[in-house]
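Chain by chain, the residues run as shown.
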Amino acid sequence: MSNTTLTALYTLGRKEIVRILRIWSQTILPPAITMTLYFVIFGNLIGKRIGQMGGFDYMSFIVPGLVMMSVITNSYGNIVSSFFGAKFSKHIEEMLVSPMPNWVILFGHVLGALARGLMVGSIVTVIALFFTEIHVYNIWIVISTVVLTSIVFALGGFINACYATKFDDIAIIPAFILTPLTYLGGVFYSISLLPPFWQSVSKFNPVLYMVNAFRYGFLGVSDVNIYTAYAVILSFVILLTIICLYMLKKGIGLRS
Amino acid sequence: MTIALKVSHLKKTYKNGTVALKGLDLEVQAGEIFALLGPNGAGKSTLIGIISSLVNATSGEVEVFGDSLHKNRNKVKSHIGLVPQEFNFNMFEKPMDVLVNQAGYYGVPRKIALQRAEKYLKQLQLWDKRDGMSRMLSGGMKRRLMIARAMMNEPKLLILDEPTAGVDIEIRRSMWEFVQQIAKNGTTIILTTHYLEEAEQLCKNIAIINHGEIIQNTTIKQLLTTLDIETFIFDLDKNPSDELLRLLNAEITDDHSIQLDVKKSEALNDVFKKIDAQGYKVLSMRNKVNRLEELFFKMTQKDSNKENAA
């Protein structure tokens, strides 16, 4: 990698992270408050009546799911708002006229999304410590799944932002696809509670693999095979990266 | 002589069927300030968009300093600095950050980028605004910020798309000086403008584009020689009589002023003599419009009429 490419990547990554920190009250604070409410209401108040799930008390069971949920929504939200914002106000042109390679444009934005996902994920984890003890079964599985999942949703957000022509377009996917997939992805329950038919249907939901792989890293229990989960997550990373790079090359949604 | 820009058979048809460029050919020599004129919708911005990689060409070729846009896009991009018509920087960033980030995208190390940003912000009288919000800048300041940004990679070819639109005369003139200075330092400049006086002041060569084609590509001097009639306005000391209007074949513009066309072959002395003979004094005299403006209007009108007839 040449020095000029590294400089461009550093510049873009730095700019994205500075943006997240500059508007911390929009990027960091809201998810922290939302997740605290989840812990209080679902974990503490309702969770006590639910009892155990997957061999753990309900609060411990939902912590990985809630951390992953915040990582998913924030990684996706960051790249969508940053990239579509740049498109909307046309300062995306600053990047398009520069000799920065397409993969740097993509990776720089993914870095920003990853940074926000991890920042929010870390804060939510710290908040969770006020409500329960956190077990860590395998730290490497925890780190790798959270990073890869953040990348998957960053890439998905990038595609959404490329196609979006108005603000409605960046609200529709999170509202009608992302949220249902996350809520039905085993954040709050084990799919073993579902009838066999719905268990099978759930297995078409990629978020299930991400949440369960992450939970496996913490608790050592999962509704899905951990290798299958990695295969699913990595397949999405590769597939979505190819789609993003193709869109950048062709200028889909970016150049007329 | 090195060719800075070579455009060959460039065509662009948008998805909605609009044909913006119809096989356009253009050459710009290195080191000159080149004017690109044309009415709204003529294809200027599409041409600039293609050269600067913001618009995909349908067919044709663009070379910048010998590098093909098709084969070596990133090399071509590194030669170019673009000042677009519309403000396209992040209004929530500081001017300093806008410049340093842009330099970074071109691979300019941060330390050098900071030095360049200081240099251009000072040259364009924006230094004291460097740490404010960009959205708080006035229109003229925003335009100057875009010029500074376009200079951050020290481009060999600078494209200015109506850089002085909406800018007051004093700032416009200071921007002209800046443009002339960077041209002296060897940067080739392509300028599109609606202020034809600007083209006349700054540029030696000119291309007029209309309906996606170059309809004239010559020197401004040569172009002006094709204008055989000029319209003058004479301010007189009293109301002109019908007799005077008939004699000069003139029109009255207001109480004390008349307007008449004078052929280049006709001496102005003859006009003065006729006015004097009728007992009038000429208090002042001026061209009705900028000469280039008049010519531009005639050429684009003629082209439009041809198009309509076809």
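Calculation criteria
What you see as residue numbers is a count from 1 along each chain, following the sequence as written. Chains carry letters from A onward and ligands carry numbers from 1 onward, assigned in written order. Totals for whole chains, interfaces and linings use every residue, but because this is a predicted model, local features are given only for residues with pLDDT of at least 70 and side-chain atom pairs only at 80 or more, for both listing and counting. Helix and strand labels come from DSSP, where a helix needs a run of H or I of at least four residues and a strand needs a run of E of at least two; each type is numbered from the N terminus. Three exposure classes are used. Buried residues have 20 or more other C-beta atoms within 10 Å of their own C-beta, exposed residues have 12 or fewer, and partly exposed residues fall in between, all C-beta atoms being placed from the backbone. It is the C-beta atoms, placed from the backbone, that decide contacts: two residues are in contact if theirs lie within 7 Å. Only C-alpha atoms enter the radius of gyration, while the globule expectation follows 2.2 Å times N to the 0.38, with N the number of residues. A helix's residues, less one, multiplied by 1.5 Å, set its expected span. What marks off one domain from the next here is an automatic or database domain assignment. Strands are treated as partners if at least two bridges between them are detected by DSSP. Axis angles are defined between N-to-C directions and span 0 to 180 degrees, where every axis is a line fitted to C-alpha atoms and, for a helix, only to the segment in contact. Here the word oblique covers every angle except those under 35 degrees (roughly parallel), over 145 (roughly antiparallel) and from 65 to 115 (roughly perpendicular). Handedness of each helix crossing follows the sense of rotation of the near helix against the far helix: counterclockwise by less than a right angle gives left-handed, clockwise gives right-handed. pLDDT gives the predictor's per-residue confidence on a scale running from 0 to 100. Note on terminology: a nonpolar core is a set of buried residues of type Ala, Val, Leu, Ile, Met, Phe, Trp, Tyr or Cys, with members joined through C-beta atoms within 7 Å. Note that Gly is not counted as nonpolar here; it falls among the polar residues with everything else outside the nonpolar set of Ala, Val, Leu, Ile, Met, Phe, Trp, Tyr, Cys and Pro and the charged set of Asp, Glu, Lys and Arg. The arc refers to the directions leading from the helix axis to the C-beta atoms.

We now examine the overall build of chain B. A tally of helices and strands in chain B yields eleven helices and 14 strands. For chain B, the spread of C-alpha atoms along the three principal axes comes to 75 × 50 × 40 Å. Looking at chain B residue by residue over its 310 residues, the buried ones come to 39%. Here the analysis covers contacts within chain B between residues at least 6 apart in sequence; of these, 69% occur between residues at least 24 apart.

With that settled, the discussion passes to the overall build of chain A. Counting secondary structure elements, chain A contains eleven helices and two strands. Tracing chain A from N to C terminus, the helices and strands come up as α-α-α-β-β-α-α-α-α-α-α-α-α. A globule of 256 residues ought to have a C-alpha radius of gyration of about 18 Å, and chain A, at 19 Å, matches this closely. Along the three orthogonal principal directions, the C-alpha set of chain A runs to about 60 × 35 × 35 Å.

Right, let's talk about helix α4 (residues 58-88) of chain A for a bit. Residue and element names in this part refer to chain A. Between its terminal C-alpha atoms α4 stretches 43 Å, which fits the 45 Å expected from 31 residues at 1.5 Å a residue. Summarising burial for α4: 27 of the 31 residues are buried, a large majority. Following α4 by one or two positions, Lys-90 adopts a phi angle in the positive range, close to 70 degrees.

With that settled, the discussion passes to the interface of chain B and chain A. Taken residue by residue, the interface counts 25 residues in chain B and 22 residues in chain A. Elements supplying a minimum of two residues to the side of chain B that touches chain A: α2 (73-79), β6 (80-83) and α3 (95-105) of chain B. Among the elements that line the side of chain B that touches chain A, the one with the most residues is α3(B), at four residues.

Another aspect to go through is the domain arrangement of chain B. Partitioning chain B into structural domains gives domain 1 (3-218) and domain 2 (227-291). The gap between the C-alpha centroids of domain 1 of chain B and domain 2 of chain B is 42 Å.

So, on to the pairing of strand β3 (residues 33-37) of chain B. Residues and elements named next belong to chain B. Among the five residues of β3, five are classified as buried, and the element is accordingly described as predominantly covered. What you see with β3 is no split at all: Ile-33, Ala-35 and Leu-37 on one side and Phe-34 and Leu-36 on the other are buried throughout. Pairing analysis gives four bridges linking β3 to strand β8 (residues 188-192), with the strands arranged parallel. Bridge assignment links Phe-34 to a residue of β8, and that residue is Ile-190. Looking at chain direction, β3 and strand β9 (residues 205-210) are connected through four bridges and run parallel. Across the sheet, residue Ala-35 finds its bridge partner in β9, namely Ile-206.

Attention now moves to the sheet that holds strand β4 (residues 59-64) of chain B. Here four strands make up an open sheet; going across it, the order is β2-β1-β4-β5 (chain B) and the pairing antiparallel. Each edge of the sheet is formed by a strand with only one pairing partner; in this case those strands are β2 (19-29) and β5 (67-68) of chain B.

This part is about the packing of α3(B) against helix α4 (residues 110-123) of chain B. Residues and elements named next belong to chain B. Contact geometry for α3 and α4: axes closest at 9 Å, N-to-C directions at 130 degrees. Here α3 is positioned oblique relative to α4, judged by the angle of their axes. In this structure, α3 crosses over α4, and the sense of that crossing is right-handed. Along the contact surface, α3 presents Pro-95, Met-96, Leu-99, Val-100, Ala-103 and Gly-104, while α4 presents Arg-110, Ala-113, Leu-114, Arg-116, Ala-117, Tyr-120 and Leu-121.

With that settled, the discussion passes to the environment of Ile233(B). As for its position among the elements, Ile233(B) is in strand β11 (residues 229-236). Residues Ile233(B) and Ala103(B) lie 130 residues apart in sequence; the distance between their C-alpha atoms is 51 Å.

Residue and element names in this part refer to chain B. The four strands are arranged β12-β13-β11-β14 in an open sheet whose pairing can be described as antiparallel. Each having just a single partner strand, β12 (251-254) and β14 (282-287) make up the two edges of the open sheet. With strand direction ignored, the average angle separating the axes of adjacent strands in the sheet is 35 degrees. Bridge count for β12 against strand β13 (residues 257-263) is three bridges, and the pairing is antiparallel. Residue pairing for β13: Asp-254 is matched across the bridge by Ser-257.

This paragraph deals with the confidence of the model for chain B. With 93% of its residues at a pLDDT of 70 or more, chain B shows a mean pLDDT of 88. Per the prediction output, this complex has pTM 0.84; the corresponding ipTM is 0.87.

Another point: the nonpolar core. Ranked by size, the top nonpolar core spans 145 residues in total, and within it Ile159(B) and Leu191(B) carry the most contacts. When residues in this core are grouped by element, the largest group, 16 residues, is from α4(A). Once residues lying within four places of it in the same chain are set aside, the contact partners of Ile159(B) are Ile48(B), Ile51(B), Ser52(B), Ile80(B), Leu82(B), Val83(B) and Ile190(B). Within the second largest apolar cluster, six residues are counted, among which are Phe234(B), Leu248(B), Ala250(B) and Ile275(B).

It is worth spelling out unusual backbone geometry at this point. Residue and element names in this part refer to chain B. Not every positive phi belongs to a glycine, and Gln-125 is a case in point at roughly 55 degrees. Locating Gln-125 in the fold gives a position in the loop between α4 and α5 (139-150). With a phi angle near 55 degrees, Asn-249 is a residue other than glycine that sits in the positive phi range. Secondary-structure assignment places Asn-249 in the loop between α9 (242-248) and β12.

Residues and elements named next belong to chain A. Two elements in contact, helix α3 (residues 29-50) and α4, have axes whose closest approach is 10 Å; the angle formed by their N-to-C orientations is 155 degrees. Of the possible angle classes, the one that applies to α3 and α4 is roughly antiparallel. As for the relative orientation of α3 and α4, their crossing is right-handed in sense. Counted together, Pro-31, Met-35, Tyr-38, Phe-42, Gly-43, Asn-44, Gly-47 and Ile-50 of α3 and Tyr-58, Met-59, Ile-62, Leu-66, Ser-70 and Asn-74 of α4 form the full contact between these two elements. Looking at the contact of α3 with α4, its residues break down into nine nonpolar, five polar and no charged.

Before going further, it helps to spend a moment on α4(B). Residue and element names in this part refer to chain B. For α4, with 14 residues, the first-to-last C-alpha span of 20 Å sits near the 20 Å given by 1.5 Å per residue. Listed in full, the buried residues belonging to α4 are Ala-113, Ala-117, Tyr-120 and Leu-121. Taken end-on, α4 shows its buried residues confined to a sector of 100 degrees, consistent with a single buried face. Exposed side chains of α4 directed beyond 90 degrees from the buried face belong to Lys-111 and Gln-115. Taken together, the buried residues of α4 touch α3 and α5. A positive backbone phi angle near 55 degrees is found at Gln-125, which sits one or two residues after α4.

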